[in-house]
Each structure stands twice: as structure tokens, then as C-alpha cells.
Amino acid sequence: MTNDLLSLDNVTVRFGGVAALDKVSFTVRGGQVAALIGPNGAGKTTAFNAISRLVRPAEGRIHFDGKDLLRLDAAALSGLGIARTFQNLALWPGMTVLENVMVGGHARGRVGFVTSLLGRPARREDGELRARAYAMLDWFGVSDVAHRECKGLPFGTLKRVELARALISDPTLLLLDEPAGGLAHGDVRELGELLLRLRDERDMTLLLVEHHMQFVMGISDYVVALDFGRNLVAGTPAELRDSPELVEAYLGTPA
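Residues numbered from 1 in each chain as written. Predicted model: local features only at pLDDT ≥ 70, side-chain atom pairs only at ≥ 80, totals over all residues. Heavy atoms only, no water.

**Side note on the overall build of the protein chain**
Link 1 in the chain: Regarding its fold elements, the protein chain presents 10 helices and 10 strands.
Link 2 in the chain: Expressed as a percentage of the 255 residues in the protein chain, the buried residues total 49%.
Link 3 in the chain: Looking at the protein chain alone, contacts between residues at least 24 apart form 67% of all its contacts between residues at least 6 apart. (Helix = DSSP H or I, 4+ residues; strand = E, 2+ residues; numbered from the N terminus. Buried < 20%, exposed > 50% of the residue type's maximum accessible area, 1.4 Å probe, protein only. Contact = heavy atoms within 4.5 Å.)

**A look at the confidence of the model for the protein chain**
Link 1 in the chain: Mean pLDDT over the protein chain works out to 89, with 89% of the residues at or above the 70 mark.
Link 2 in the chain: Taken together, the stretch residues 109–113 has pLDDT below 50 and engages in 13 contacts with residues farther than four places along the chain or on a different chain. (pLDDT = per-residue confidence, 0-100.)

**Here's the deal with the pairing of strand β8 (residues 205–209)**
Link 1 in the chain: Counting buried positions over the five residues of β8 gives five, a clear majority of the element.
Link 2 in the chain: Of the two faces of β8, the one carrying Thr205, Leu207 and Val209 and the one carrying Leu206 and Leu208 are both buried.
Link 3 in the chain: As paired strands, strand β3 (residues 33–37) and β8 are joined by four bridges and run parallel to one another. From the neighbouring strand, Ala34 faces β8, where its bridge partner is Leu207.
Link 4 in the chain: Where strand β7 (residues 173–177) and β8 come together, five bridges link them in parallel fashion. By the bridge assignment, Asp177 is partnered in β8 with Val209. (Pairing = 2+ DSSP bridges.)

**A short note on the sheet that holds β3**
Link 1 in the chain: One open sheet accounts for six strands, arranged β6-β7-β8-β3-β9-β10; its pairing is mixed. With partners counted over all chains shown, the strands left at the sheet margins are β6 (82–85) and β10 (230–235), one partner each. On average, each strand axis in the sheet is tilted by 15 degrees relative to the strand beside it, whichever way the strands run.
Link 2 in the chain: In this sheet, β10 lies alongside strand β9 (residues 222–227) in antiparallel orientation, the contact comprising five bridges. What sits directly across from Asp227, in β10, is Arg230.
Link 3 in the chain: Sheet strands touched by helix α1 (residues 44–51): β3, β6, β7, β8 and β9. Its angle to β8, the strand with the most contacts, is close to 140 degrees.
Link 4 in the chain: Docked against the sheet, helix α6 (residues 155–167) engages β6 and β7, running at close to 165 degrees with respect to β6. (Axes fitted to C-alpha atoms, helices over the stretch in contact; angles between N-to-C directions.)

**Focus: the pattern of salt bridges**
Link 1 in the chain: Scanning the entire structure with this criterion turns up 12 salt bridges.
Link 2 in the chain: Lys23 is the partner of Glu59 in a salt bridge, and the nearest nitrogen-oxygen pair spans 3.4 Å. Here Glu59, found in strand β4 (residues 59–64), pairs with Lys23, found in strand β2 (residues 18–29); they are 36 residues apart in sequence, far enough to count as distant.
Link 3 in the chain: Residue Glu59 is classed as partly exposed on the basis of its relative accessible area, which comes to 31%. (Salt bridge = Lys/Arg side-chain N within 4 Å of Asp/Glu carboxyl O.)

**Some thoughts on the nonpolar core**
Among soluble globular proteins, nonpolar side chains are generally buried collectively.
Link 1 in the chain: Core analysis: the biggest nonpolar cluster contains 48 residues, and Phe140, Leu174 and Leu195 have the highest contact counts within it.
Link 2 in the chain: For this core, the element with the most residues is α6, which contributes six residues.
Link 3 in the chain: Two domains share this core, each providing at least three of its residues, namely domain 1 (4–81 + 171–251) and domain 2 (94–157).
Link 4 in the chain: Those residues in contact with Leu195, other than ones at most four positions away along the chain, are Leu163, Leu176, Leu206, Phe215 and Ile219.
Link 5 in the chain: Core analysis: the next-biggest nonpolar cluster, separate from the first, contains 29 residues, Val28, Ile62, Leu69 and Val224 among them. (Core = buried A, V, L, I, M, F, W, Y, C linked by side-chain atoms within 4.5 Å. Domains from an automatic or database assignment.)

**Describing the packing of aromatic side chains**
Link 1 in the chain: What the rule picks out here adds up to one aromatic pair.
Link 2 in the chain: For the ring pair Trp139 and Phe140, a centre distance of 5.0 Å and an interplane angle of 70 degrees mean the geometry is edge-to-face. Like Phe140, Trp139 is buried.
Link 3 in the chain: Over the ring of Trp139 we find Arg197; its NZ or CZ atom is 4.1 Å from the centre of that ring. (Phe/Tyr/Trp six-rings, centres within 6.5 Å; stacked < 30°, edge-to-face > 60°. Lys NZ or Arg CZ within 6 Å of the ring centre and 35° of its normal.)

**Points about the side chain of Gln32**
Link 1 in the chain: Tracing the sequence through the fold places Gln32 in the loop between β2 and β3.
Link 2 in the chain: Overall, Gln32 belongs to the buried group, its relative accessible area being 15%.
Link 3 in the chain: Looking at Gln32, its side chain comes within polar contact range of the main-chain nitrogen of Arg29, at 3.0 Å.
Link 4 in the chain: Look past the residues within four positions of Gln32 in its chain and what remains in contact with it is Thr27, Arg199, Met204, Thr205, Leu206, Asp221 and Tyr222. (Polar contact = N/O pair within 3.5 Å; in protein donor to acceptor, adjacent residues only side chain to side chain.)

**Notes on the sheet that holds β2**
Link 1 in the chain: Reading across the sheet, the four strands line up as β2-β1-β4-β5 and stay open at both edges, with antiparallel pairing between neighbours. The open sheet has two free edges, formed respectively by β2 and β5 (67–68), since each of these has just one partner strand.
Link 2 in the chain: Relative to β4, strand β1 (residues 4–15) is paired through five bridges, and the arrangement is antiparallel. Within β4, the position partnered with Thr12 by the bridge is Glu59.

Quick look at the structure:
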């Protein structure tokens, strides 16, 4: 794919009198792995929350696949083909791995998850969803823990479970909030390989917020750097690797 899938145009978000985002613009093309980077307080998560409809911009436009996201609420995004993971794992620790993944599938299904667990109508849909959840866990290499509670599982395993839950809704765009955060070096490398497989094998577009610069530069096709809520620089990893503006933003002194 080469189309413009997601675009932000002069997006401004204010909290009180402070502009967390100030006329931020960027475009993510279909099939890309794109990244938002910048020092703490740069506005990366605010941009994610604006796309996810968790905060409302005061100005600007956000379009996904030609649709105006600002006319929709957060609950509508899954139906459009947008899924998100969070910096802090949003899994239910007392539920099994399989049940957690099935929750993601019910976001696009016709049957509520609680209704399904109570054994009410649409058992066929529930059975199909269960099979898809198993297949997704197998794709991520964690099907062996499908019936274990999430509580007590290794952090790297839980990261894969969260990805499986996001992917079961078959999104076109996956938003990843600091996916490498808290992972050991070997797990970071495996995560990078997994994300590239998602793009290549499932024809997906990925947008991530991340502080792990080696990880970002190793898997991204396009990188957007923010600073103090504004656009700083954007380009390929090769173009930004020695960017004086980026060095100054991170280190606080001119390169």
C-alpha cells in the first residue's frame, strides 16, 4: 500500500492554558512502520490520545482512510480498523490469557463478552471467536499459556498477549504506546521482528510512540520527532540519525 492512511493537520490540544500539542501535522502511509519520538513532555502520548479520541483537539483535523475521526467517539474506532495498546498493560490479571484476547474480538463482534461468558445466545460467534483467539495466540507463540491467568506471567509474555488482543479485531492500523518499555534486550529484538512480520504478513500499518531509539531506528520506515508539542523534524531513520535538531532536543545543547 502507498496511500495516505492517517493524517493529522494542524492539531492543537490544550490542557487549561497549556498547549500540549501546537499545530502538529504528519502523515502515515499505508504499510509503513511509523514512529513518534521526542523527549519527555514532547506531546507524543497526547497525539496518540487525540487519534484514539481520548482527548479532543481544540483545533485541527484528523483523518483515517478518508474518514474524519473528530466526528467519531473512541468506541467507533475498532469498527473502522484501528486498535491500540497502552504503555501500562491493560489486561485483566484474574482472567485467562484466552479470555483477555477474546475481549478484543468482542469489540467488533455482535455479542458482548459478559453475555458470551454467561452462555447466552450467539454461541456460534463465540466459538468462532475462541478459535480465532487460539490462532492469534499461536501466531504470537504463547498458545501454551492460553488457559492460565495473566497474573504471574512474565512481562514479555504479557506484551505478546496484549498484541494478540489488539490484533484479533483485524485492524488496519495498530497504535503501539511504548511497546518496548520494560522489556529485556532480547525481548526487544524479538518484538521488533514480530512487528515487522505483522506489517509484512498481515498488510498492516503501525504507528508507535517509543523512547527506545535503537528499536525505533531499526524497524521504522518513517519517524516524526516532536518537541514542546510542536513538529521538530521528520524523515527516514537514515535522514534523522544525525539530525542536529534532534540531538539538541534530547541533550539540551546544540549538536
